[in-house]
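Residue strings, one per chain:
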Amino acid sequence: MPFTPEQLRELQRLLPWNDGSRLPDGRVLGRGRKDWGVTPADWRIQLLIDHLQPAGKRILELGSCEGVHTVQLAARCGEVVGLEARVGNVVCALVRLWASGVRNASILLGDVRAMNDTIGRFDIICHIGLLYHLEHPLEHLAFLPRLAHTLFLDTHYADTTLRFRQAELTWNGRRYPAYVYPERKHRTDPFSGMAHRSHWFARDVLLSVLRDTGYRGMEILDDRRERNGPRVTLIARTEA
Ligand SMILES: C[S@@+](CC[C@H](N)C(=O)[O-])C[C@H]1O[C@@H](n2cnc3c(N)ncnc32)[C@H](O)[C@@H]1O
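Right, let's walk through the structure included here. (Residues numbered from 1 in each chain as written. Predicted model: local features only at pLDDT ≥ 70, side-chain atom pairs only at ≥ 80, totals over all residues. Heavy atoms only, no water.)

Quick look at the overall build of the protein chain
What the protein chain contains, in helices and strands, is six helices and 12 strands. Over its C-alpha trace the protein chain gives a radius of gyration of 18 Å, about what one expects of a compact globule, namely 18 Å for 240 residues. Taken along its principal axes, the extent of the C-alpha atoms in the protein chain is 60 × 40 × 35 Å. By residue count, 54% of the 240 residues in the protein chain fall in the buried class. Look at the contacts in the protein chain between residues 6 or more apart in sequence, and 63% of them connect residues 24 or more apart. Within the structure as shown, the protein chain displays about 11,800 Å² of accessible surface, and the carbon and sulfur contribution to it stands at 51%. (Helix = DSSP H or I, 4+ residues; strand = E, 2+ residues; numbered from the N terminus. Rg over C-alpha atoms; globule rule 2.2 N^0.38 Å. Buried < 20%, exposed > 50% of the residue type's maximum accessible area, 1.4 Å probe, protein only. Contact = heavy atoms within 4.5 Å. Areas by Shrake-Rupley, 256 points an atom, 1.4 Å probe, with all protein chains shown as cover.)

Structure below.
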C-alpha cells in the first residue's frame, strides 16, 4: 500500500535524511544531493550492472550510507548486503529498503576497519565513495579478495593540484607514497570517514596497490575531475 501524503511527510520528518531516492510510485523519500528524476540508477551503478551482469549474484556494498545505491542494486541482483558505520545512515537505509518494497537486501551496522571473514563470501564488492575516507587503505584493500573475486571501485585519487601533505604507507615490506586528507568533520558529517584523517594515493600508485594486494585484471571505466579532486571508476578482478 503506498503511503498517504501525510504518512510520507511524517517519514520525512522523523528521520535525519541526507540522501534521497524515488519510491516505486515516483515520490521522493529523503532529501539532499541525489534526485535523479526518472533515471532508475546512479550512472556508476548502471556501469556495474552493464559490466558485471549481477542477476542472481551476491553483492557486498561497503559504505552503504542511506541505502540509495542498495535499492538500485537490489533491483538487479540476487542479494545485497550493505555495511555502514553510522547508526543514523543505517536507520535511514533500513527504512528506505522497507518503504521501497525491497526484500533481497540487508544492512549491517559495522565498520569496514573491523571486517572479518564472518561477513561471508560474495560475487562482487561494490565500493563507491569509501576508499578515500580510510586512514589505512592498504590493509583494507588487501583483505577484500577474501570476500569476493570482483571489486567495483569508485574513488578519488590524488594529483599535484591537491595541496595535501605527503606521507608514506608501508604494507607487506613495501612502501607507497600517499597524501594526507584531513577528515575535519568526521564526528558530525554523515558522509565522512570515521577517523580524523585518511590517505589518498596517486592514480598510478593506486593501480600498483591493487596489483600488489592481489588484483590481476583491471578495467578503467571512467576517469574524471570532480569538485574534491580527480576520481576513477574501475573494476578489479583477482582472476585475470
Ligand atoms: C561519501 S559516502 C558514500 C556513500 C555511498 N556509497 C555513495 O556513493 O553514495 C561514505 C559512506 O561510507 C561510510 N563510512 C565511512 N567510513 C566507514 C567505515 N570505516 N566503515 C563503514 N562505513 C564507513 C560513511 O558513513 C558514508 O555513509
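Observations concerning the side chain of Ser100
Looking at the element boundaries, Ser100 is found in the loop between α4 (87-99) and β5 (105-109). Residue classification places Ser100 among the buried residues on the basis of a relative accessible area of 12%. Among the polar contacts made by the side chain of Ser100, one reaches the main-chain carbonyl oxygen of Arg96 at a distance of 2.6 Å. Discounting residues that sit within four places of it in the chain, Ser100 has contacts with Leu23, Pro24 and Val71. (Polar contact = N/O pair within 3.5 Å; in protein donor to acceptor, adjacent residues only side chain to side chain.)

A word on the environment of Pro182
Note that Pro182 resides in strand β9 (residues 174-182). Sequence separation between Pro182 and Glu135 is 47 residues; the distance between their C-alpha atoms is 9.9 Å. Look past the residues within four positions of Pro182 in its chain and what remains in contact with it is His196 and Arg197.

Here's the deal with the pattern of salt bridges
Scanning all chains against the criterion turns up 18 salt bridges. The closest approach of N and O atoms between Arg237 and Glu219, which form a salt bridge, is 3.6 Å. Note that Arg237 is positioned in strand β12 (residues 229-237) and Glu219 in strand β11 (residues 217-226), a separation of 18 residues in sequence. We note a salt bridge from Arg231 to Glu226, for which the minimum N-O separation is 3.3 Å. The structure contains a network of salt bridges with shared partners spanning Asp42, Arg44, Asp154, Asp222, Arg224, Glu226 and Arg231. (Salt bridge = Lys/Arg side-chain N within 4 Å of Asp/Glu carboxyl O.)

Some details on the side chain of Glu61
With respect to the secondary-structure elements, Glu61 resides in strand β3 (residues 58-62). Assessed through its relative accessible area of 3%, Glu61 is described here as buried. Discounting residues that sit within four places of it in the chain, Glu61 has contacts with His69, Thr70, Leu73, Val80, Val81, Gly82, Leu83 and Cys126.

A short note on helix α1 (residues 5-14)
Taken as a whole, α1 has its buried residues at Leu8, Leu11 and Gln12. One face of α1 carries all of its buried residues, which in axial projection span an arc of 100°. Exposed residues lying more than 90 degrees from the buried face of α1 are Arg13 and Leu14. Along its buried surface, α1 packs onto β2 (28-30) and α4. (Arc of directions from axis to C-beta.)

Quick word on unusual backbone geometry
Unlike most non-glycine residues, Gln53 shows phi in positive territory, near 35°. With respect to the secondary-structure elements, Gln53 resides in the loop between α2 (43-52) and β3. Unlike most non-glycine residues, Asn172 shows phi in positive territory, near 55°. The exposure class assigned to Asn172 is exposed, which follows from its relative accessible area of 59%.

Points about a nonpolar patch on the surface
Taken together, the side chains of Val87, Val91 and Leu109 make up a nonpolar region of the molecular surface, amounting to roughly 260 Å² of accessible area. Along the chain, Val91 falls in helix α4. By relative accessible area, Val91 is classed as partly exposed at 34%. (Patch = residues over 30% accessible without salt bridge, like charges linked within 9 Å, V, L, I, M, F, W, Y side chains within 5 Å.)

So, the sheet that holds β9
Two strands in a sheet stick together by hydrogen bonds in their backbones, pointing the same way (parallel) or opposite ways (antiparallel). Pairing is antiparallel in the open sheet, where three strands are placed in the order β8-β9-β10. Every interior strand has two partners, whereas the edge strands, β8 (165-171) and β10 (197-200), have only one. Across the sheet, the mean angle from the axis of one strand to that of its neighbour is 45°, orientation sign disregarded. The sheet contact formed by β9 and β10 spans four bridges and is antiparallel. Note on β10: the bridge partner recorded for Pro182 is Arg197. The sheet strands contacting helix α6 (residues 203-212) are β8 and β9, and the helix crosses β9 at an angle near 125°. (Pairing = 2+ DSSP bridges. Axes fitted to C-alpha atoms, helices over the stretch in contact; angles between N-to-C directions.)

Shape descriptors only; they carry no functional weight alone.
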